[in-house]
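Listed here are the chains, written in short residue letters.
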Amino acid sequence: MKKIVTTAMLVLAMSGYALASEAIELPKFNELPLVWPSVWIVFISALIGLAFGAQWLLSLLKESPGPLGMSQVSDAIREGAWAYLKKQMATMVWFVIAIAIALFILYSPIKEFQTKGAFGIPVYMGVSIAFVLGVVSSYLAGMAGMMMAVRANCRVANAALTSFKKSLYIAFRSGAVSGMATVGLGLLGACIIFFMFQEQAMKVLIGFGFGGCLAALFMRVGGGIYTKAADVGADLVGKVEKDIPEDDPRNAATIADNVGDNVGDCAGMAADVFESYEVTLVAAIILGAAAGTMLHNPQASLALMVYPLLIRSIGVFASIIGVYSVKGSDDMKMDPMQPINTGFYVSAAIAVLGFIGISYYVFNNVVTVKDIPWWKFAIANCAGVILALVIGKLTEYFTSTAFKPVKETAKASRTGPATVILTGFAFGIESSVWSVVAIGATIIIPTMLFLDNPEMAAYGIALAGLGLLTTTGYILAMDTYGPISDNANGIFEMSGALKDRGKDDNAYKIVAKLDAVGNTTKALTKGFAIATAVIAAVALFKSFLADAGLAQEGIRLEWTTVFVGLLAGGAVPFLFSSFAITAVSRAAFKLVNEVRRQFREIKGIMEYDPRSGSDVGKPDYGKCVEIATSAAQKELMSPAILAICAPVMIGFGFGMIYPIKGAAALGGFLVGAILSGQLMAVLLSNAGGAWDNAKKLVEDGHYGGKGTECHKATVVGDTVGDPFKDTAGPALNPMIKVMNLVAVLMVPIIVQPIPTAVRIAITAIAGIALLGATFWSMRASEKEPGDAE
């Protein structure tokens, strides 16, 4: 949930490059002694975060990777993950180059961007450089998470042979490496831009956030298609048709399935969170500068700009302390979620104390902002932390094996897969309602704090977004822990390490518990991302209205164009989800047929045992990896085109009637997209998580356990939920951000007196591209013998 807010903030900044810079007179950094010490504090905090991540990495690599069989499986997963990421980077590099050049050309004629930074680099060039830096940083964050995960999986599996406590330690601490890389790179990039461009950094930071956004879109959507196509293909043939365990080495799709966990849940989510983390920071800085300008107080403006940086630095230390607070035990009755929750509470408590201290120092001792008490800033941040705790509890309730929704979903397996799907879906729908209540309450709190000052109210909402993502280092550790545990479970099966130990062996129970909790922590992170996106969008909507010339009149629902735009925006997340789920289905179709072919044609495949040392009957794992990789790249473009072209078509199309009506329609479009996108994302994420853990509950021995009809029913539910919770649901976050970004970029042009012929041409081009993407997504799968005509 946290993610949707970030994009909107960034969009605002970019939308009005010229307008915003004219409206906001930037004071010199030297006018407030607090500025440079604060930037240096944040810079050092970033280095400390990276240093802790590096120290944890080196320490974990000293742990034993286990027997040769485990190492071989882990190596195969690592090779597949790197092969996919390299192919995606090769695909994306041309888009990055083209956009960097376009930004350079777009900004260079603008007078406000021709000023130079500290090293003589023009600001318009800095935007392009920052954009590339944002893309690279986002990919590095994703690669760091994936690099640690593909090395930690076998170490967790090996530790589970002897110790519950140690296996939890390795899994979670490995996830923390990804968390520290993400926050460290994010703050480091921001500080470097401040050093290079000083008071002009606000303009350049936009490029940094935009780069992170674009990389997140590619990695999240592409990774989601890959991971769930492989997962569905492996489960349908292996569990349902062949009645063999998950991750059985005889299943040709198992390596691709485990590779997908890393490229989707590790690399994809790390890039996703990085971009949210960065965009919320950029938005808060921009809104702070705008609020300070309206107060006609240069020192207040600088303090409001620097304050978000200091809040971010608090989060680094809060996350580190939280990670060290996660302490498990070897008691088999231990629920791994308990120590993880303890660490999160510790991290949140440290962050709250930091908010209070920083707010008191900045707004009581250094500068006074229009007689606004310092504690209001602290409370605005705390509202975000409270939302994080509430989302955590809501997600845990709807997706954990310990609570009613998952238990009822598992119980429904007694009557078949249909009731499993219905029960899980119903609980997913309910969960989206409560998330809206929580987000709405969080938005109201800062609004009430700054009731008489709309600019400060927008800033307060942005601070709530900062508070929500303050413990990003810890939150990402929770997310990456999930796929690491999942891979450890797979390595057990594929390596045959427990063949002779029996199903009641503690090692089985350990990895099963770790894996089940991992599904909950992953769902929790997705909930954070969605909430962040919504909050940021609300904070920045005021800026959108200002750029559109609607600040006084507002978005009027009685205008037909606005109402139609609202309907169109509400429909886009549904079409986007259709694209994503269809992509998974089409790719899974190919994988299912390939796995079936190998079971049919490879002699001795059902007798294959990796411990024998013989390759007789060994499946061709590489073929399935190749199919998943190729399919993910082919299916990536339709969702991306939808996110870019839909707002362009709405804005310019309705602008043919009257320019201001086009801008208003686009505003209605964004409102509709944010609302339905939030509801859809939570529904998909939590329903999928409930189905997955219902399956885990049955596999743990309830309702007959593995191999029974109840188990097969929950496997079908889990298979339906796979593209819900790991492809369409999380991909809605960058989609909403990209649409906000495109909308804000287009608004200053839409309201200009452009010839009708030009508007028609732009609308037609966007419409044709959108139709092409839709027809490409709707195309039929490859024909097979016996298909209906």
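Residues numbered from 1 in each chain as written. Predicted model: local features only at pLDDT ≥ 70, side-chain atom pairs only at ≥ 80, totals over all residues. Heavy atoms only, no water.

Undergrad: Sorry if this is basic, but what is going on with the layout of surface pockets here?
TA: Empty pockets left among the atoms are what a rolling probe the size of a water molecule brings to light. Considering only enclosed or pocket space, the largest pocket measures out at about 780 Å³ in volume. The wall of the largest pocket is formed by 30 residues, among which Lys-509, Ala-512, Lys-513, Lys-696 and Asp-700 lie closest to the centre. Of all the secondary-structure elements, those providing two or more residues to the lining of the largest pocket are helix 15 (472–495), helix 16 (506–548) and helix 20 (659–699). With seven residues, the single largest contributor to the lining of the largest pocket is helix 16. Looking at the lining of the largest pocket residue by residue, the class counts come to 10 nonpolar, six polar and 14 charged. (1 Å grid on protein atoms, 1.4 Å probe; cavity = no way out; pocket = protein on both sides within 12 Å on 5 of 7 lines; lining within 4 Å. Points joined across faces, edges and corners; volume = space filled by probe spheres on them. Helix = DSSP H or I, 4+ residues; strand = E, 2+ residues; numbered from the N terminus. Nonpolar A, V, L, I, M, F, W, Y, C, P; charged D, E, K, R; others polar.)

Undergrad: Would you take a moment to explain helix 5 (residues 123–160) for this structure?
TA: Owing to its 3.6 residues per turn, the α-helix brings residues three or four apart onto one side. Look at helix 5: 53 Å from first C-alpha to last across 38 residues, which is about the 56 Å you get at 1.5 Å a residue. Maximal helix bending in helix 5 amounts to about 35°, located at Ala-152. Counted residue by residue, helix 5 has 29 buried out of 38 residues, so it is predominantly covered. (Expected span 1.5 Å × (residues − 1). Bend = angle between axes of the 7 residues up to and from the residue. Buried < 20%, exposed > 50% of the residue type's maximum accessible area, 1.4 Å probe, protein only.)

Undergrad: What am I meant to see in the nonpolar core here?
TA: Within soluble globular proteins, side chains that are nonpolar tend to cluster in buried spots. Residues Phe-172, Tyr-226, Ile-340, Phe-363, Val-369, Phe-377 and Met-456 are the most contacted members of the largest nonpolar core, which totals 236 residues. The residues contacting Ile-340, other than those within four sequence positions of it, are Leu-168, Phe-172, Val-326, Tyr-474, Met-478, Tyr-481, Val-517 and Thr-521. With six residues, the next largest nonpolar core counts Ala-410, Ala-690, Ala-694 and Leu-697 among its residues. (Core = buried A, V, L, I, M, F, W, Y, C linked by side-chain atoms within 4.5 Å. Contact = heavy atoms within 4.5 Å.)

Undergrad: Quick question: what am I supposed to make of the packing of helix 6 (residues 164–197) against helix 15 here?
TA: The relative placement of two packed helices comes down to the angle between their axes together with the axis-to-axis distance. It is at 7 Å that the axes of helix 6 and helix 15 come closest, and there the two elements cross at 130°. Between helix 6 and helix 15, the crossing angle belongs to the class labelled oblique. As helix 6 packs across helix 15, the resulting crossing turns out to be right-handed. Across the interface between the two elements, Leu-168, Ala-171, Phe-172, Ser-174, Gly-175, Ala-176, Ser-178, Gly-179, Met-180, Thr-182 and Val-183 from helix 6 touch Thr-472, Gly-473, Tyr-474, Leu-476, Ala-477, Met-478, Thr-480, Tyr-481, Ile-484 and Ser-485 from helix 15. Its residues assigned to classes, the contact of helix 6 with helix 15 shows 12 nonpolar, nine polar and no charged. (Axes fitted to C-alpha atoms, helices over the stretch in contact; angles between N-to-C directions. Parallel < 35°, antiparallel > 145°, perpendicular 65-115°, else oblique. Left-handed = near helix turned anticlockwise from the far one by under 90°.)

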